[in-house]
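# Inside the fold
Chain by chain, the residues:
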Amino acid sequence: MADTNTSILSGPIGIFDSGLGGLTILEGIRRLMPQYDYIYLGDNARAPYGTRSFDVVYQFTLQAVQKLFEMGCPLIILACNTASAKALRSIQQKYLPTHAPNHRVLGVIRPTAEVVGTLTRSRHIGILATEGTVRSESYNLEIKKLYPDTTVVGQACPMWVPLVENNEYDRPGADYFVKDSIDRLLSADPLIDTIILGCTHYPLLLPKIKQYIPSGITIIPQGKYIAESLADYLHRHTEKEQQITKGGTCRYYTTESSEKFSESASIFLHEEIKAEHITL
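Residues numbered from 1 in each chain as written. Predicted model: local features only at pLDDT ≥ 70, side-chain atom pairs only at ≥ 80, totals over all residues. Heavy atoms only, no water.

Sheet architecture is open: four strands sit in the order β6-β5-β7-β8, paired in parallel fashion. In the strand order of this sheet, the two ends are held by β6 (151-156) and β8 (218-220), each with one partner. In this sheet, adjacent strand axes meet at a mean angle of 20 degrees when their direction is disregarded. Examined bridge by bridge, strand β5 (residues 124-129) and strand β7 (residues 194-197) share four bridges and lie parallel to one another. Looking at the pairing, I127 lines up with I196 of β7. (Pairing = 2+ DSSP bridges. Helix = DSSP H or I, 4+ residues; strand = E, 2+ residues; numbered from the N terminus. Axes fitted to C-alpha atoms, helices over the stretch in contact; angles between N-to-C directions.)

Interaxial distance between helix α2 (residues 54-70) and helix α4 (residues 88-99) falls to 11 Å at its minimum, and their mutual angle equals 50 degrees. Considering their axes alone, α2 and α4 lie oblique with respect to each other. Crossing angle aside, the handedness with which α2 passes α4 is right-handed. When α2 is examined against α4, the residues Y58, T61, L62, V65, Q66 and F69 are found in contact with a partner set consisting of S90, I91, Y95 and L96. Residue composition of the contact of α2 with α4, by class: seven nonpolar, three polar and no charged. (Parallel < 35°, antiparallel > 145°, perpendicular 65-115°, else oblique. Left-handed = near helix turned anticlockwise from the far one by under 90°. Contact = heavy atoms within 4.5 Å. Nonpolar A, V, L, I, M, F, W, Y, C, P; charged D, E, K, R; others polar.)

With that settled, consider the pattern of salt bridges. Counted according to the given criterion, the structure contains 17 salt bridges. Of the charged contacts, one joins R31 and E27 as a salt bridge, the two residues approaching to 3.6 Å between their closest N and O atoms. Separated by four residues within a single helix, R31 and E27 lie in helix α1 (residues 23-32), roughly one turn from each other. Classification of E27 by relative accessible area gives partly exposed; the value is 23%. The closest approach of N and O atoms between E142 and K145, which form a salt bridge, is 3.5 Å. (Salt bridge = Lys/Arg side-chain N within 4 Å of Asp/Glu carboxyl O. Buried < 20%, exposed > 50% of the residue type's maximum accessible area, 1.4 Å probe, protein only.)

Glancing now at the environment of T130. Within the fold, T130 resides in the loop between β5 and α6 (131-136). Taking relative accessible area as the criterion, T130 reaches 10% and is therefore assigned buried. Linking T130 and Q243, residues 113 residues apart in sequence, is a C-alpha distance of 34 Å. When near neighbours in sequence (up to four residues on either side) are disregarded, T130 contacts G50, T82, A156, V161, C199 and Y202.

A separate point is the sheet that holds strand β2 (residues 38-42). One open sheet holds the six strands; their spatial order is β4-β3-β1-β2-β9-β10, and the pairing between them is parallel. Looking at which strands have only one partner, the edges of the open sheet turn out to be β4 (104-106) and β10 (275-277). For this sheet, the mean angle separating the axes of adjacent strands, direction not counted, is 25 degrees. Of the pairings in the sheet, the one linking strand β3 (residues 75-78) to β4 comprises three bridges and is parallel in character. Looking at β4, one finds that L75 is bridged to R104. Relative to the sheet, α4 contacts β3 and β4, its axis offset from that of β4 by approximately 165 degrees. Against the sheet, helix α13 (residues 258-269) engages β2, β9 (250-254) and β10, with an angle of about 150 degrees to β10.

A few words on the pairing of β3. Of the two faces of β3, the one carrying L75 and I77 and the one carrying I76 and L78 are both buried. In the sheet, strand β1 (residues 13-17) pairs with β3 via four bridges, with the strands oriented parallel. In the strand pairing of β3, F16 is matched with L78.

Following this line, the structure appears as structure tokens:
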């Protein structure tokens, strides 16, 4: 694939996710910054990423990043915790400097880690996430780097993404799996007072999550905090902000069936959307 080296860039913000979960990030960003143009790309045909190896996640994520660069995005948000955990650093350190030095790719883990230390009182933090994100220990490393006095415990929730992807998240069958993962986390560390929902699918399970998390524990869905972090980034990097086109539009692309994606995405976003099929 050709290098993306043009010195003058102008285009939408790219939002990438392995599937539908990143729509919760997109929603938070658009609510805070509706003036910009956006492209959302979901690799639904190869989702979920959570159980895949580092190498595979890196290759898949890089293909999506390259596609969004081709589509004119000067800035991309990896709105996927697994991609942020397993691919972001390699893309930033190995790919961008030589292939796309004028582009930027940001993730969702560091902004979440930054805010969690300001919210916890007990300094005990829980992570509910996919197996891949928990195994990577990316949250543990980022949080401990910023807040060395904290204790961080992760719990994989292997059934939560399938529940959301199959529109089962608000049905009685979801309760067992939600309660089981929360019980396991709080049994591992009863002092936890702040829990990060470390997967962008999980906000759709929030009503059930709140049923099984004791009062007094703060839950952190990511959309609001990622949006605030991006707004701060653009405020500090005015040269990048000026490259973002401002038409208030959003286009949706999926590697799977566009009809299926449009139907599911409309549930996430509470509005009718029309997606297009794309090949990576």
